[in-house]
Amino acid sequence: MSGTDGEIKYTYDMFKKYKNLLGELTRKNVKLKYRNSWLGILWSFIQPLLYMVVLSVVFGGIFGTNKADIVCFPVYLFTGRLLFSFFTTSTKQAMTTFRRNQAIIKKVYVPKYMYPLSSIFSNFINFAISLICLIFVWIFFRTTGIAGGDGLRINGYALLCWVPMIILLVFSTGVGLILSVVSVYFRDIEYIWEVMCQLLFYMVPIIYHLNRIHTDWIRYIIKINPLYSMIELFRQCVLYNQIMSWRMVGYAALVSGITLLFGIWFFNKKSDDIIFHL
């Protein structure tokens, strides 16, 4: 058995052994997020709604007028923002997880991957809850016909929306594992990643459609970004009423799988030294 295969098998065995603890940490993170908030879990609905309203008002007149590419701009915006927000929030929290839990890490032995994974999984739960908000938003615009909502349709392909969601979870986990280790050795990565996320927001078609971009090399850069494929696949299911592009599924799954495997290898290689740098 090769070294990489052995590390993956070891990680899998440890994951099974401590899966109940991972579930408890994940539940704790979900509860703590809204512990001192009056509205609590309702913020999982309110926050994406506020983003949708603000961005629709600001960019709706610029990017939402082309009905051939975008059926209903607020819903189009909401779907992209929902997936992108999960990616950025989960990776940022995974990146700082060791610093936030260093007191526990130095006193009690827990497999270190539990901390970034619990952050990512708790954010995935919040993301799944936010999908309920997406349903109500879709119904509202379909019923009222506002902003082209009368063009919204839905069919059985919407049931496949879990495919890009799982791919995004795998990709976010791989990136989160890498960032969680790098941030221990290089604290400036937190500021760099913050800037990168801002750039990514405009380099992924969230507020605009890809057809708006006419420069070939820019279109190429956008298309090779796996986040573009994941968001587009999700929209194909819930917004475009069409079967997913299996070419996109294959590409996104391949990149996500490679990212996760590299993240596991990199994490296992450096995790033993983390405690000495906290």
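All values reported here derive from a predicted model rather than from experimental measurement.

Conventions used here
Residues numbered from 1 in each chain as written. Predicted model: local features only at pLDDT ≥ 70, side-chain atom pairs only at ≥ 80, totals over all residues. Heavy atoms only, no water. Helix = DSSP H or I, 4+ residues; strand = E, 2+ residues; numbered from the N terminus. Contact = heavy atoms within 4.5 Å. Areas by Shrake-Rupley, 256 points an atom, 1.4 Å probe, with all protein chains shown as cover. Phe/Tyr/Trp six-rings, centres within 6.5 Å; stacked < 30°, edge-to-face > 60°. Buried < 20%, exposed > 50% of the residue type's maximum accessible area, 1.4 Å probe, protein only. Lys NZ or Arg CZ within 6 Å of the ring centre and 35° of its normal. Axes fitted to C-alpha atoms, helices over the stretch in contact; angles between N-to-C directions. Parallel < 35°, antiparallel > 145°, perpendicular 65-115°, else oblique. Left-handed = near helix turned anticlockwise from the far one by under 90°. Expected span 1.5 Å × (residues − 1). Core = buried A, V, L, I, M, F, W, Y, C linked by side-chain atoms within 4.5 Å. Disulfide = S-S within 2.5 Å. Polar contact = N/O pair within 3.5 Å; in protein donor to acceptor, adjacent residues only side chain to side chain.

S.K.: What is the right way to read the overall build of the protein from this model?
M.R.: Within the protein, the secondary structure is distributed over twelve helices and zero strands. Its helices and strands taken in sequence order, the protein reads α-α-α-α-α-α-α-α-α-α-α-α from the N to the C terminus. Within the protein, contacts between residues at least 6 apart in sequence are counted, and of these 76% link residues at least 24 apart. Approximately 14300 Å² of the protein is accessible, and the part contributed by carbon and sulfur atoms is 66%.

S.K.: Quick question: what am I supposed to make of the packing of aromatic side chains here?
M.R.: By convention here, two paired aromatic rings are described through the distance between centres and the angle between planes. All told, the structure shown has twelve aromatic pairs when counted by the stated rule. With a centroid separation of 5.7 Å and an interplanar angle of 35°, the aromatic rings of Phe-262 and Trp-265 are classed as tilted. Within this pair, Phe-262 and its partner Trp-265 are both found in helix H12 (residues 246–270), separated by three residues, close to a single helical turn. Given a relative accessible area of 30%, Trp-265 falls into the partly exposed group. A connected cluster of aromatic rings, assembled from ring pairs, spans Phe-84, Phe-201 and Tyr-202. When the ring centre of Tyr-76 is taken as origin, the NZ or CZ atom of Arg-235, which lies over that ring, is 3.6 Å away.

S.K.: Would you explain the side chain of Ser-119 in this entry?
M.R.: If you trace the backbone, Ser-119 turns up in helix H7 (residues 114–144). In contact with Ser-119, not counting residues within four places along its chain, are Asn-29, Gln-93, Ala-94, Thr-97 and Arg-100.

S.K.: Where do I start with the packing of helix H4 (residues 73–95) against helix H11 (residues 226–238) in this structure?
M.R.: If you want to describe how two helices pack, look at the angle between their axes and the distance between the axes. Remark: H4 packs on H11, axes separated minimally by 10 Å, with the N-to-C direction vectors making an angle of 140°. By the criterion of interaxial angle, the relationship of H4 to H11 is oblique. As for how H4 packs across H11, the hand of that crossing is right-handed. Counted together, Tyr-76, Leu-77, Thr-79, Gly-80, Leu-83, Phe-84 and Phe-87 of H4 and Leu-227, Met-230, Ile-231, Phe-234, Arg-235 and Val-238 of H11 form the full contact between these two elements.

S.K.: Whenever I open this one, H11 confuses me. Can you help?
M.R.: Think of an α-helix as 3.6 residues a turn; residues three or four steps apart then line up on the same face. Counted at 1.5 Å a residue, the expected span for H11 with its 13 residues is 18 Å, and the 19 Å between its end C-alpha atoms agrees. Of all 13 residues in H11, 13 are buried, a share of seventy percent or more.

S.K.: Even after reading the chapter, I still don't get the nonpolar core, so can you show me in this structure?
M.R.: In globular proteins that are soluble, nonpolar side chains generally tend to be buried together. Counting 63 residues, the largest nonpolar core has Val-75, Phe-87, Phe-127, Ile-206, Leu-227 and Phe-234 as the members making the most contacts within it. Contributions of two or more residues to this core are made by helix H3 (43–63), H4, H7, helix H8 (162–185), helix H9 (189–203), H11 and H12. For this core, the element with the highest residue contribution is H4, accounting for twelve residues. With residues near it in sequence (within four places) discarded, Phe-234 still touches Thr-79, Leu-83, Leu-131, Leu-134, Cys-161, Pro-164 and Met-165. Ranked by size, the runner-up nonpolar core spans 17 residues in total, among them Tyr-113, Val-181, Val-184 and Ile-274.

S.K.: Explain the state of the cysteines here, please?
M.R.: By definition, a disulfide links the sulfur atoms of two cysteines through a covalent bond. On inspection of all chains with the given rule, the structure shows zero disulfides. For the unlinked cysteine Cys-237, the closest cysteine sulfur is that of Cys-161, found at 6.4 Å. Its relative accessible area of 0% is what places Cys-237 among the buried residues.

S.K.: What is the right way to read the environment of Thr-96 from this model?
M.R.: As for its placement among the helices and strands, Thr-96 is situated in the loop between H4 and helix H5 (97–100). Given the relative accessible area of 14%, Thr-96 is considered buried. It is 9.3 Å that separates the C-alpha atoms of Thr-96 and Arg-187, two residues lying 91 residues apart in sequence. Of note is the side chain of Thr-96, whose polar atom sits 3.0 Å from the side chain of Arg-100.

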